[in-house]
Each structure stands twice: as structure tokens, then as C-alpha cells.
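Chain by chain, the residues:
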Amino acid sequence: MSSASFALLRAMISTRLRRSGRLSRKLLQMSSAERALLLKTTPLVIGVRLGLWLLPSRLVMSRIQRLQVRYGRPPGPPSRPVGRIVWAVRAVSRHVPHATCLTQALAAQMALWRHGHASTLRIGVGRDKHQRIVAHAWVEVGGEVVIGGDELHQYTQFPELTPAASSGTCGLVPPGC
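Residues numbered from 1 in each chain as written. Predicted model: local features only at pLDDT ≥ 70, side-chain atom pairs only at ≥ 80, totals over all residues. Heavy atoms only, no water.

### Examining the overall build of the protein
Which entries qualify depends on this criterion: Every helix listed is a DSSP run of H or I at least four residues long, and every strand listed is a run of E at least two residues long, numbered separately from the N terminus. Using a 1.4 Å probe on the protein chains alone, a residue whose accessible area is under 20% of its type maximum counts as buried, one over 50% counts as exposed, and one in between counts as partly exposed. Contacts are assigned to residue pairs with any non-hydrogen atoms lying within 4.5 Å of each other. Values of accessible area rely on a 1.4 Å probe in the Shrake-Rupley scheme; residue burial ignores everything except the protein chains shown.
Looking only at helices and strands, one finds 5 helices and 4 strands in the protein. Ordered by position from the N terminus, the helices and strands of the protein form the series α-α-α-α-α-β-β-β-β. Going through the 177 residues of the protein one by one, you find that 38% of them count as buried. Look at the contacts in the protein between residues 6 or more apart in sequence, and 67% of them connect residues 24 or more apart. A total of about 10,900 Å² of accessible surface is found on the protein, and carbon and sulfur atoms cover 58% of it.

Below, the structure is given as C-alpha cells:
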């Protein structure tokens with residue numbers, strides 16, 4: 001290994017260790033409820049990301065929707081505030097490679113459902129500054145955007161994606177963002 005390659009490798013490892021140290025300090029400063037929420041959210045975000053890597057997005061979305069239809073909302077009042085759930089999804093997503101807007105929206109929808117909040121997944125398409133077609137996903141609770149609300153005016157929203165009564169599959173879905 002050349003000395004330049006070794007120096008680059010050492011710098012990368014040093015940066016990674018510094019980041020993990022900061023992460024450890026942040027975790028220690030959190031309340032036990034926040035740490036528990038992060039621990040519950042981590043496998044959810046990773047699972048959605050893996051699902052989107054391995055399966056067509058339409059299939060992942062229909063499976064999530066079928067789970068929600070089959071089991072309904074958990075009984076009782078919501079167990080966590082919407083803002084904290086969204087915070088946990090965003091925090092975990094920063095450490096999951098390629099956690100796109102679709103990954104975050106699906107994970108947030110599942111986490112919100114788990115904690116007793118009704119939510120709606122929205123998907124829209126638009127054009128970027130180079131006139132390429134781009135897709136974007138976001139989640140709404142009570143008509144308010146809770147995750148993925150960046151510059152929604154540039155996207156034309158698809159109709160609401162709900163499971164078809166007979167097949168349990170959802171409507172036309174663009175590939176991930």
C-alpha cells in the first residue's frame with residue numbers, strides 16, 4: 001500500500017471514529033424514551049430500505065398497506081407524538097445508505113401506524129432543473145405534511161394510494177425517489 005493510500009485510509013478511519021464518538025455522546029444525552037424510540041425505528045428503516053433494494057417498490061408498498069388493513073390501528077390513544085416519531089425516522093435515516101424519500105416516507109408511515117396515528121402516503125412527480133422526470137414521496141397526518149415536505153409545489157401528486165379491495169395491491173407507483 002502506498003503512503004498516500006495509507007494516509008487516506010487512516011484519515012477515513014479517524015473521521016469514522018470521531019463521528020461514532022459524537023453519536024455515542026448524543027445517545028447518552030438522550031432520555032431512555034428517545035433511545036427506545038430510536039431502537040424501535042432502526043430495524044424499521046433498515047427493513048424498508050432492504051425491501052426497496054430487493055423488491056419492486058409497488059410490492060413493498062402493497063405489503064405495508066396490507067399489514068395496516070389486516071391489523072388496523074392499535075387500540076387506545078397514540079403512544080408517541082407525531083413529531084418524535086418523525087424525528088426518529090429522520091435520525092436513523094441519516095445513517096442508512098440510500099434512505100431516499102420513499103424509504104423515509106414508508107418507514108414513517110409504518111412507525112406512525114405502530115404508534116396509533118393515521119397517515120397518508122403521497123407520491124408526486126415533477127421535473128428537475130435539467131427537465132428530467134423525478135419522483136418524491138411524503139407523508140401527511142391530518143392533512144399536514146410531516147415528512148418529505150421539501151418544495152412540494154414542484155410535484156404533481158398522484159391520487160391517494162390505497163389497497164385495491166379485491167387484490168390487496170396498490171395503484172400505479174413510480175420507482176423510488
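### Digging into a nonpolar patch on the surface
Rule in force here: Exposure above 30% relative accessible area and the lack of any salt bridge qualify a residue for a patch; like charges then connect within 9 Å, and the nonpolar side chains Val, Leu, Ile, Met, Phe, Trp and Tyr within 5 Å. Salt bridges are counted wherever a side-chain nitrogen of Lys or Arg sits within 4 Å of a carboxyl oxygen of Asp or Glu.
A cluster of nonpolar side chains, namely Ile46, Leu50, Trp53, Leu54 and Leu55, defines an oily patch on the protein surface of about 500 Å² accessible area. Along the chain, Leu54 turns up in helix H2 (residues 32-54). For Leu54, a relative accessible area of 70% puts it in the exposed group.

### Things to note about the packing of aromatic side chains
The description of an aromatic ring pair rests on the distance of the ring centres and on the angle between the ring planes. This is how the line gets drawn: Geometry of aromatic contacts follows a simple scheme: Phe, Tyr and Trp rings, the Trp one being its six-membered ring, pair when their centres are within 6.5 Å, and the pair is stacked under 30 degrees between planes, edge-to-face over 60, tilted otherwise. Sitting over a ring, as applied to charges here, requires NZ of Lys or CZ of Arg to be within 6 Å of the ring centre and within 35 degrees of the ring normal.
In total, this model carries 0 aromatic pairs according to the counting rule given. Directly above the aromatic system of Trp87 lies the positively charged group of Arg84, at a separation of 4.2 Å from the ring centroid.

### Thoughts on the environment of Met30
With respect to the element layout, Met30 can be found in the loop between helix H1 (3-29) and H2. Setting aside chain neighbours within four positions, we find Met30 in contact with Arg35, Leu38 and Trp87.

### Some details on the confidence of the model for the protein
Our working rule: In predicted models, pLDDT denotes the confidence assigned by the predictor to each residue on a 0 to 100 scale.
Overall, the prediction assigns the protein a mean pLDDT of 79, with 74% of residues at 70 or greater. Note on residues 163-177: pLDDT is under 50 here. Beyond four places in sequence and across chains, it has 36 contacts.

### Some points on unusual backbone geometry
Most peptide bonds take the trans configuration, and most residues that are not glycine carry a negative phi. Residue Gln131 is not a glycine yet carries a positive backbone phi of 65 degrees. Gln131 gets classed as exposed once you look at its relative accessible area, which sits at 52%. A positive phi is found at Glu151, a non-glycine position, where the angle reads about 45 degrees. Assignment of secondary structure puts Glu151 in the loop between strand E3 (144-147) and strand E4 (156-157).

### Examining the pattern of salt bridges
Side-chain pairs of opposite charge can arise where the charged atoms are in close proximity. Summed over all chains, the structure comprises 3 salt bridges. In this structure, the salt-bridge partner of Arg122 is Glu140, at a minimum N-O distance of 3.2 Å. Of this pair, Arg122 sits in strand E1 (residues 120-127) while Glu140 is found in strand E2 (residues 133-141), placing the two residues 18 residues apart along the sequence. Here Arg122 matches Glu140 in class, with each residue buried. Notably, a salt bridge pairs Asp128 with Arg132, separated by 2.9 Å at the nearest N-O pair.

### Examining the sheet that holds E4
Cut-off, in case you're wondering: Strands pair, by our definition, only if DSSP identifies at least two bridges between them. Note on definitions: angles span 0 to 180 degrees between N-to-C directions of axes, and those axes are lines fitted to C-alpha atoms, for helices only across the stretch in contact.
An order of E3-E2-E1-E4 is seen for the 4 strands of this open sheet, with the pairing classed as antiparallel. With partners counted over all chains shown, the strands left at the sheet margins are E3 and E4, one partner each. Sheet topology note: the E1/E4 ladder contains 2 bridges and is antiparallel. By the bridge assignment for E4, Val125 is matched with Thr156. Docked against the sheet, helix H4 (residues 82-93) engages E2 and E3, running at close to 35 degrees with respect to E3.

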